[in-house]
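The chain contents come next:
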Amino acid sequence: IMMVFAVLCKDDDSAIGTGIMPSGDMMEFLCDTMGVQTYAVRDTHVETHNRTINPIGVINDPFFGQTAASCAFQLQLSTNNVQFGRDIDTTDLSGVKLTLHLKYVSKYGSESPMTIHVNRLLTDISYDSIYYEDKEFAANEFELLKSADVAFGTDSIMKVEMPSELVQQIVRENVGQTTWTNKDFINFFKGLYITTELASGDGCIYALDLIGSKSKMVLTYNDTCSFDFLINEYSTRINMYSHDYTNADSELKAAIDNPDQPTKYCYIQGLAGLKTKIMFPELYSLFDTTNIIINRAQLCVTIKDGTESTVLPSPKAMSMTKILDNGKFDFLEDYKSNS
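Residues numbered from 1 in each chain as written. Predicted model: local features only at pLDDT ≥ 70, side-chain atom pairs only at ≥ 80, totals over all residues. Heavy atoms only, no water.

K.L.:
Would you explain unusual backbone geometry in this entry?
P.N.:
Leaving glycine out, the prevailing phi sign among residues is negative, and the prevailing peptide bond configuration is trans. Of note in this structure, H45 is not a glycine but carries a positive phi near 60 degrees. Checked against the element boundaries, H45 lands in the loop between strand 1 (37–42) and strand 2 (54–61). Residue H45 is classed as exposed on the basis of its relative accessible area of 58%. Even without glycine at this site, A272 takes up a positive phi of about 55 degrees. With respect to the secondary-structure elements, A272 resides in the loop between helix 3 (250–257) and strand 14 (274–279). The class for A272 is buried, based on a relative accessible area of 13%. (Helix = DSSP H or I, 4+ residues; strand = E, 2+ residues; numbered from the N terminus. Buried < 20%, exposed > 50% of the residue type's maximum accessible area, 1.4 Å probe, protein only.)

Right, here's the structure in full:
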């Protein structure tokens, strides 16, 4: 409902329309504020499969403690009917290289010495399965292929040379096959699992663009020839996050340990960290004594003084959902028309 209300300047009692309205229909117009209660809640059971962006890295936040992000993904053949034995001399693979390219589009934190671990998955991951932020691979479900220092070039692409043993396995596994489809390749090479380890400093979270054209694994042979293993929209992709609040702010830890107690401040943390539940206790009694038409409602969120940082900036945007009677969540009607 939208109300239009105008007042003539010369006569305070001459508001348009009020002269012909019954006195019982007169309405008061006011702008009021009401308090809210906020609660710190762990953001759990977040679906993280097949997302557009895939974060990796470790960050030590002076307030929130440590956050780590890792990801796993499948690779696809860039063409079908692949047979490397036709183009590569399999008796001497010393000149054949396999390089993983990872492109990042943004970062959060300061670049610090960090090690990336590229692991080969030994277990299947499925595009149609649902994976959550706390997904973990058991020790027997992956094997380490290569560890390297995190070093992105000027084009924001990190390149990791894969071991020669993997080159030999891929090329020689394909030799003699008349057809090697995507299904054949994924059965043989189930995917990669990327983790990181912070050497020193406060760390950084990098947002990888895996399904972009610059993220891929490239097999180079015969000096000038190459074959691309792609990560595309058909590749299974899983994001995994962990949060350690051991060294977090004492007030924050108290809020996390007492999720049923109102907090003095709101706490919002990405990567399935923390969210704030907001209650409006005054609304329960507001409509008891009179009928009210709400023309506009605004929730004002203010950043606490002294907590903004150029290295750890505040969120550019946030979303709000409503809690349904069954405990599940849904977007507000406003969000569905304009986010």
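On we go.
K.L.:
Would you explain the state of the cysteines in this entry?
P.N.:
One way to say it: the disulfide is the covalent bond shared by the sulfur atoms of two cysteines. The tally for this structure, following the rule as stated, stands at zero disulfides. C300 provides the cysteine sulfur closest to C266, a residue in no disulfide bond, and the two sulfurs are 12 Å apart. (Disulfide = S-S within 2.5 Å.)

K.L.:
Just checking my understanding: could you explain the pairing of strand 2 for this structure?
P.N.:
Put simply, side chains in a regular strand alternate between the two faces of the sheet. Counting buried positions along strand 2 gives seven out of eight residues, so the element sits mostly inside the fold. Relative to strand 3 (residues 65–73), strand 2 is paired through five bridges, and the arrangement is antiparallel. Directly across from V58, in strand 3, lies its bridge partner A68. Hairpin connection, strand 2 to strand 3: the antiparallel pair is bridged by three residues. (Pairing = 2+ DSSP bridges.)

K.L.:
What should I look at first to understand the pairing of strand 10 (residues 203–208) in this one?
P.N.:
With six of its six residues buried, strand 10 lies for the most part within the structure. Residues G203, I205 and A207 point to one face of strand 10 and C204, Y206 and L208 to the other, with burial holding for every one of them. Relative to strand 10, strand 2 is paired through six bridges, and the arrangement is antiparallel. Residue P55 lies in a different strand from strand 10, and its bridge partner there is A207. Pairing of strand 5 (residues 97–109) with strand 10, which is carried by five bridges, proceeds in the antiparallel orientation. Among the inter-strand pairings, G109 is bridged to a residue of strand 10, identified as C204.

K.L.:
When you look at the side chain of T67 in this model, what are you seeing that I'm missing?
P.N.:
When you line up the elements, T67 lands in strand 3. Its relative accessible area of 6% is what places T67 among the buried residues. A distance of 3.0 Å separates a polar atom in the side chain of T67 from a polar atom in the side chain of H243. Beyond its immediate sequence surroundings of up to four residues, T67 is in contact with G57, V58, I59, I205, S242, H243, Q269 and L271. (Polar contact = N/O pair within 3.5 Å; in protein donor to acceptor, adjacent residues only side chain to side chain. Contact = heavy atoms within 4.5 Å.)

K.L.:
Quick question: what am I supposed to make of the nonpolar core here?
P.N.:
If you look at the biggest cluster of nonpolar residues, it comprises 45 residues, and the most contacted ones within it are F84, L192, M217, L219 and F229. Excluding anything up to four places from it in sequence, L192 contacts C71, A72, F73, L75, L100, V118, N119, R120, L121, L145 and M217. One finds Y245, L252, I256 and Y267 within the second-largest nonpolar core, a separate group that totals nine residues. (Core = buried A, V, L, I, M, F, W, Y, C linked by side-chain atoms within 4.5 Å.)

K.L.:
In this structure, what is going on with the pattern of salt bridges? I would like to understand it.
P.N.:
Proximity of charged atoms lets side chains of opposite charge pair with each other. For the coordinates displayed, the defined rule picks out five salt bridges. K107 is the salt-bridge partner of E111, the closest N and O atoms lying 3.0 Å from each other. A residue is classified by how much of its surface remains accessible, and K107, at 42% relative accessible area, is partly exposed. Of the charged contacts in the structure, one is a salt bridge between K216 and D228, with a shortest N-O distance of 3.5 Å. One end of the pair, K216, is in strand 11 (residues 216–221); the other, D228, is in strand 12 (residues 225–230), and twelve residues separate them in sequence. Residue D228 is classed as partly exposed on the basis of its relative accessible area of 22%. (Salt bridge = Lys/Arg side-chain N within 4 Å of Asp/Glu carboxyl O.)

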